[in-house]
There are 4 protein chains.
Amino acid sequence: MCRLLLYKSNSPVLLADLLTRPAHSIIMQSFNCKLRVDLRRPMNGDGFGIGWYDEPRTAGCIFTSTLPAWGNLNLQRLAEKVKSRLVFAHVRATTGDTATSESNCHPWQFGNLMWMHNGNIAGFERIKRRLQNALRDEMYHSIQGTTDSEHAFALFLNMLDRPGERAEFSYAELRRAMLRTIAQLNEWLDEAGVEDISLLNFAVTDGQSVVCTRYITSADKEAASLFYSSGSEFKTDAESGQYRMSKANRREDVVVVASEPLTYERSDWLVIPTNTVLVVTPKMNVHLSPIKDKYWNPRRQ
Amino acid sequence: MCRLLLYKSNSPVLLADLLTRPAHSIIMQSFNCKLRVDLRRPMNGDGFGIGWYDEPRTAGCIFTSTLPAWGNLNLQRLAEKVKSRLVFAHVRATTGDTATSESNCHPWQFGNLMWMHNGNIAGFERIKRRLQNALRDEMYHSIQGTTDSEHAFALFLNMLDRPGERAEFSYAELRRAMLRTIAQLNEWLDEAGVEDISLLNFAVTDGQSVVCTRYITSADKEAASLFYSSGSEFKTDAESGQYRMSKANRREDVVVVASEPLTYERSDWLVIPTNTVLVVTPKMNVHLSPIKDKYWNPRRQ
Amino acid sequence: MCRLLLYKSNSPVLLADLLTRPAHSIIMQSFNCKLRVDLRRPMNGDGFGIGWYDEPRTAGCIFTSTLPAWGNLNLQRLAEKVKSRLVFAHVRATTGDTATSESNCHPWQFGNLMWMHNGNIAGFERIKRRLQNALRDEMYHSIQGTTDSEHAFALFLNMLDRPGERAEFSYAELRRAMLRTIAQLNEWLDEAGVEDISLLNFAVTDGQSVVCTRYITSADKEAASLFYSSGSEFKTDAESGQYRMSKANRREDVVVVASEPLTYERSDWLVIPTNTVLVVTPKMNVHLSPIKDKYWNPRRQ
Amino acid sequence: MCRLLLYKSNSPVLLADLLTRPAHSIIMQSFNCKLRVDLRRPMNGDGFGIGWYDEPRTAGCIFTSTLPAWGNLNLQRLAEKVKSRLVFAHVRATTGDTATSESNCHPWQFGNLMWMHNGNIAGFERIKRRLQNALRDEMYHSIQGTTDSEHAFALFLNMLDRPGERAEFSYAELRRAMLRTIAQLNEWLDEAGVEDISLLNFAVTDGQSVVCTRYITSADKEAASLFYSSGSEFKTDAESGQYRMSKANRREDVVVVASEPLTYERSDWLVIPTNTVLVVTPKMNVHLSPIKDKYWNPRRQ
């Protein structure tokens, strides 16, 4: 299982404050024993990636590594310098036989778009050819690695018009493409007779809007966890090394989405319901809407 | 341009003697200025790979790295310990946009087979889908990287019956599959209207026989260089650090194939004619035969 | 905290059977939650090293990496090929500000000797100059990294006569040098007024004999754990992926020393008492003797 | 032999324009055949480092790698984002037995100071202890690697008052410390009886001033080459990929110091005379002064 963090705010955050200095940093810490599933490997040992935007309407920047984050001096030095209003961060544990290589590290980017995934597409090898054959050349040739996650990004791009050439996208367009991506994957998985369950927590951004999903191909199981929090400032307590979300005023100046709550104030964090798409608009509004397909189950919420 | 070396002998060579100690080692040295084409990068800076077999009828072992060989302590220490009768070595310079990643380092292996390539398939992206769609699932899913070379290996494997399960192959079978691979690539390149020239110096082994080609998709140009030498012993002169092929007796106990002559005795080296397939049999016989397809040109030899 | 494993037997073990295939491999697995102390990092994420000997009276071979073992394809492929009668393995978690670099990975070697350390020298920076100044040039210049562990090895070497030139050492000589190393460190730590506690679990071998210590600079605390087991065969159960020590006959053909028991049969494992030196002789005899210095405390056992 | 580049300007340069995009980039290109000395390795294969400052009176940022620059995606992506008025860049070829490790990559930093070196201290191992023993604890413990260059930096720091705590230094103070560093090295080399020649092209900055030397421990030989150029703008011609220094007006808005001329206009470049110290003041004035010690030779200029 991997982990992801998505940060969007009106004022820039120093990457070090978000990622490298906190004692409970999502990319530096090891996982929480209590939530441990796989006994054979630590959660974040197979590499990490961070992506951030500095200026609007330009491509973001990505730093990935197959080395764990905590030994990466380049990352630690950079994080002390880089400020951003929109950050994606991902730690990775390989699933199955996927190689530990930089080509397989999240996030990926294409033009101004950036993508990451927490989960896996069950039986991916049974729909891989189909997916590749459905792609326009531009997306087909952009694929550098072997993961289901990168292929899902290519499929998402395939739902958009000229994704490599445009500086921005409306959030409605991104959300629509996201939902079509999930619908298409479901259709192919059904056709291939895959019965294992896929976990499709995807996140995408063009640097302005963010769209992410908490989704599972099941009508009764729980999706991989996903939480969000918003407030006036998200910072790290210097003494305890712990994150804290301030709510000094009514405005929402920061939105954080993460695969697990990052602060000890559990009340800061709202569970994103299973099979939901969440949008953070350029103006920092947060919309959640249910994904009402055949896996929709109002009682599960 | 890359470089390759292929060594087969009746008695084991210490990898250090072949690869790391010689002053003019194919993987440690930098390129020869005189043959330099691309002014922007040294020849062997994008990684290297070595493969070797220790016991008959078992899979070989591969050591690859995206770091240049000369700074690789693990390689240098290992090379002082490992002995082998059959060694593949490859240094790589990326072409185009191919990522420097371990998944893209030669040689590759599948079951007991090992493969490397010096050259490139022109317009590969125009036949990539076709190639992938022609592959049986086993080969399709074995691909870990993005290179034309690894895809050519998958196509070669596709020409064989159960390549992952068999301990050995007759050299005739390997040669036939090699020729069919080239013929199939040519057919697709023609259909796709690719007019640029491909350089297809391939080498494959099952640990017993070796088959390699010097081939170009042109009836008048020269293929990428390929030489071979044979004798009773291939060793390194301790003082000069240079390779030397001894011919102490009539027997051929060693065969070396390399993209450039490795010793100063130019007479030791025979040019493998353009568009030729060379076989080294398990008993160390060397057969050369012309590849008589539409690019065959008897006057070019 | 780090972890170490030391394996010595009369018949060679395939490294894969010892290190990479077992589900509970010391270098592939993550740490045991129950023993977890440091909540911020997984135990084995800062690199690993393995050392082994193939022939008597020759230097061993070392493979180290700052990447975790589980993503290291070169290691996994090599481990399927290499057999040895004497293996050192170490996984590392950095302490303090020590850089994650290959120069800082255990084991180290010098001539035919190999060394690793589990623990740390408290207040090392306060005795570092002194230690360096005491070294003969040969040892002083051999130091490539910054760790206390590598410096302790240099000090150990300094206690020996021509350590770089000799093919073998008597176990008595190695044990004597080990005890003098600890005594010297204690003397300097006292002079420097260091009161923090050092954990000095050292292991050294010349490829024939093994000497290791379980030691703490305290008369009442427990040293870092160290266990040993012996029997006729140490192997891995194919089904469960767990190690197992067989005791088919009276002979001791295998001795394993490890920082924690490796099999579920707790009765297989003997605790090495705190402040003890253990010797495995070339003939596989195991001797334990107490280190009777000022930290000796018979009641602690 | 290594290579260095030092860039200082009044307006920020995008690192990509300086370092990664130009066809003849100092860190991406391979060496020039004509100047080639060592036939066994390419010039820039043992790693590289870049350092830059973003804000005045703060520490710079450093990105180093043992992988060659041209395969480093993180570098290439970052260089498209980072702008700076003061950049240090260094490519490295190991000399002797020095390990290829990130600890051994230039530049180094300490507080707000940054340092790099092109050349080597001959017989360094014969003065290493002496140098280490002369250092105050703060500098002694800051050393992470094994190179002569990093030790020279520690010695330089030792000449300054509280180098780790101060935001800035006058250029006079930096120059004085630089000259004292060279004088001290000379004294020790003499005492140790080292007769081989040292090449001491050092560069240091606090983010405001730059001090660098072209120096050799010989009264008749030439030092390693060092050039400088100044003008109104240093940029890259998009078409040719070559650097160009514009001199649109009288002002000197850019100063570049490099181990070889970076543009084809040879007249743009002034040779820094052998055994000279060059200062670039915060206001972009350039001062050269001879180093009049026992190696001073007015006829050599």
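Residues numbered from 1 in each chain as written. Chains lettered and ligands numbered in written order. Predicted model: local features only at pLDDT ≥ 70, side-chain atom pairs only at ≥ 80, totals over all residues. Heavy atoms only, no water.

The name given to chain A in an unreviewed UniProt entry is Glutamine amidotransferase subunit, with the source organism recorded as Coemansia javaensis.

A. Summary view of the overall build of chain A. When its secondary structure is counted, chain A shows six helices and 15 strands. For a compact globule of 301 residues, the expected C-alpha radius of gyration is about 19 Å, and chain A comes in at 18 Å, within 12% of that figure. In terms of overall dimensions, chain A has C-alpha extents of about 55 × 40 × 40 Å along its principal axes. Counting only residues that meet the buried cut, chain A has 61% of its 301 residues in that class. (Helix = DSSP H or I, 4+ residues; strand = E, 2+ residues; numbered from the N terminus. Rg over C-alpha atoms; globule rule 2.2 N^0.38 Å. Buried < 20%, exposed > 50% of the residue type's maximum accessible area, 1.4 Å probe, protein only.)

B. Layout of the side chain of Thr276 of chain C. Residues and elements named next belong to chain C. Looking at the secondary structure, you find Thr276 in strand β14 (residues 276–280). Its relative accessible area of 3% is what places Thr276 among the buried residues. Separated by 2.8 Å, the side chain of Thr276 and the backbone oxygen of Pro273 make a polar contact. Once you skip the residues sitting within four places of it in the chain, Thr276 turns out to touch Cys212, Thr213, Arg214, Leu288, Ser289, Pro290 and Ile291. (Polar contact = N/O pair within 3.5 Å; in protein donor to acceptor, adjacent residues only side chain to side chain. Contact = heavy atoms within 4.5 Å.)

C. The arrangement of the relation of the copies chain D and chain A in detail. Rotating chain D by 180° and translating it 0.0 Å along the rotation axis places it on chain A, where the RMSD comes to 0.0 Å. One copy is carried onto the other by what is essentially a two-fold rotation axis. Of all interface residues in chain D, 100% are interface residues in chain A too; the two copies therefore contact each other through one and the same surface. (Least-squares fit on C-alpha atoms with pLDDT ≥ 70 in both.)

D. Structural view of the sheet that holds strand β13 (residues 270–271) of chain A. Residues and elements named next belong to chain A. With respect to topology, seven strands assemble into an open sheet ordered β3-β2-β4-β1-β12-β9-β13, the strand pairing being antiparallel. Every other strand in the sheet has two partners, leaving β3 (61–65) and β13 as the edge strands with one partner each. Looking at chain direction, strand β1 (residues 3–14) and strand β4 (residues 83–91) are connected through eight bridges and run antiparallel. Bridged to Leu5 within β4 is Ala89. (Pairing = 2+ DSSP bridges.)

E. The arrangement of the sheet that holds strand β12 (residues 254–258) of chain C in detail. Residue and element names in this part refer to chain C. What the seven strands build is an open sheet, ordered β3-β2-β4-β1-β12-β9-β13; its pairing is antiparallel. The strands lining the two open edges of the sheet, one partner per strand, are β3 (61–65) and β13 (270–271). In terms of strand pairing, strand β2 (residues 48–53) meets strand β4 (residues 83–91) through six bridges, oriented antiparallel. Looking at β4, one finds that Gly51 is bridged to Phe88.

F. Local environment of the pattern of salt bridges. Residue and element names in this part refer to chain A. Scanning the model with the defined rule gives 52 salt bridges over all chains in all. Between Asp17 and Arg21 there is a salt bridge, and its shortest N-O distance comes to 3.0 Å. Take Asp17: its relative accessible area is 31%, and that puts it in the partly exposed class. By relative accessible area, Arg21 is classed as partly exposed at 46%. (Salt bridge = Lys/Arg side-chain N within 4 Å of Asp/Glu carboxyl O.)

G. Structural context of the side chain of Ser65 of chain A. Residue and element names in this part refer to chain A. Tracing the backbone shows Ser65 in strand β3. Within polar-contact distance, the side chain of Ser65 engages the side chain of Asn72 at 3.4 Å. Beyond its immediate chain neighbours, meaning those up to four positions away, Ser65 contacts Gly47, Phe48, Asn72, Glu102 and Cys105.

H. Main features of helix α5 (residues 148–158) of chain D. The element α5 of chain D is largely enclosed, with a buried count of 11 among its 11 residues. As for α5 of chain D, its buried residues are in contact with β5 (108–110), β6 (113–120), α3 (128–134), α4 (137–140), α6 (171–191) and β7 (199–205) of chain D.

I. Up close: the packing of helix α3 (residues 124–134) of chain B against helix α6 (residues 171–191) of chain B. Residue and element names in this part refer to chain B. Remark: α3 packs on α6, axes separated minimally by 10 Å, with the N-to-C direction vectors making an angle of 135°. Considered as vectors, α3 and α6 are oriented oblique to each other. Between α3 and α6 the crossing geometry is right-handed. Here Ile127, Arg130, Leu131 and Ala134 of α3 lie close against α6, whose contacting residues are Leu185, Trp188, Leu189 and Glu191. Considered class by class, the residues forming the contact of α3 with α6 number six nonpolar, no polar and two charged. (Axes fitted to C-alpha atoms, helices over the stretch in contact; angles between N-to-C directions. Parallel < 35°, antiparallel > 145°, perpendicular 65-115°, else oblique. Left-handed = near helix turned anticlockwise from the far one by under 90°. Nonpolar A, V, L, I, M, F, W, Y, C, P; charged D, E, K, R; others polar.)

J. Representation of the pairing of strand β9 (residues 227–231) of chain B in the model. Residues and elements named next belong to chain B. Among the five residues in β9, five count as buried, and that is most of the element. Side chains Phe227, Ser229 and Gly231 of β9 all project onto a buried face; the interleaved residues Tyr228 and Ser230 project onto the opposite face, where all are buried too. Sheet topology note: the β9/strand β12 (residues 254–258) ladder contains five bridges and is antiparallel. Each residue of the ladder has a partner; that of Phe227, found in β12, is Ala258. Strand direction decides the pairing type here: β9 and strand β13 (residues 270–271), joined by two bridges, are antiparallel. Across the sheet, the residue bridging to Phe227 is Val271, located in β13.

K. Local environment of the packing of α3 of chain B against helix α5 (residues 148–158) of chain B. Residues and elements named next belong to chain B. With their axes 11 Å apart at the nearest point, α3 and α5 run at an angle of 30° to one another. Crossing of α3 over α5 shows left-handed handedness. For the pair α3 and α5, the contacting residues are Phe124, Lys128, Leu131, Gln132 and Ala134 in the first and Asp148, His151, Leu155 and Asn158 in the second. Split into classes, the residues belonging to the contact of α3 with α5 amount to four nonpolar, three polar and two charged.

L. Local environment of the interface of chain D and chain A. Contacts between the two partners involve 14 residues from chain D, matched on the other side by 15 residues from chain A. Across the interface of chain D and chain A, roughly 1300 Å² is buried in total on both sides, 51% from carbon and sulfur atoms. For chain D, the biggest contributors to the area lost against chain A are Asn74, Arg77 and Lys81 of chain D; these three give 42% of the whole. Our enumeration of links across chain D and chain A arrives at two salt bridges. As a salt-bridge pair, Asp54 of chain A and Lys81 of chain D come within 3.6 Å of each other at their nearest N and O atoms. (Buried area = accessible area lost by both parts, 1.4 Å probe.)

M. Structural detail: the pairing of β1 of chain A. All names here are of chain A. In terms of residue burial, β1 counts as a mostly covered element, since nine of its 12 residues are buried. Bridge analysis of β1 against strand β12 (residues 254–258) gives five bridges, and the strand direction is antiparallel. By the bridge assignment, Tyr7 is partnered in β12 with Val256.

N. Just the packing of aromatic side chains, in detail. All names here are of chain A. Under the criterion given, the structure shown has 30 aromatic pairs over all chains. For the pair Trp115 and Phe202, a centre-to-centre distance of 4.7 Å together with 35° between the ring planes defines the contact as tilted. With Trp115 in strand β6 (residues 113–120) and Phe202 in strand β7 (residues 199–205), this residue pair connects regions lying 87 residues apart in the sequence. Given the relative accessible area of 1%, Phe202 is considered buried. (Phe/Tyr/Trp six-rings, centres within 6.5 Å; stacked < 30°, edge-to-face > 60°.)

O. Summary view of the environment of Arg129 of chain C. Note on placement: Arg129 of chain C falls in helix α3 (residues 124–134). Judged by its relative accessible area of 18%, Arg129 of chain C is buried. In this structure the C-alpha to C-alpha distance between Arg129 of chain C and Phe153 of chain C, which are 24 residues apart in sequence, comes to 15 Å. With residues up to four places along the chain from it excluded, the contact list for Arg129 of chain C reads Gln132, Asn133, Leu135, Arg136, Asp137 and Tyr140 of chain D.

P. Region of interest: α3 of chain B. Those residues of α3 of chain B that fall on the buried side of the exposure criterion are Phe124, Ile127, Lys128, Arg129, Leu131 and Gln132 of chain B. Buried residues along α3 of chain B sit against α3 (128–134) and α4 (137–140) of chain A together with α4 (137–140), α5 and α6 of chain B.

Q. Up close: the confidence of the model for chain A. All names here are of chain A. Put simply, chain A has an average pLDDT of 88, and 90% of its residues get 70 or more. Here residues 30–44 scores under 50 on pLDDT; set against residues more than four positions off or in separate chains, the count is 49 contacts. Scored by ipTM, the complex comes to 0.88, with pTM at 0.91. (pLDDT = per-residue confidence, 0-100.)

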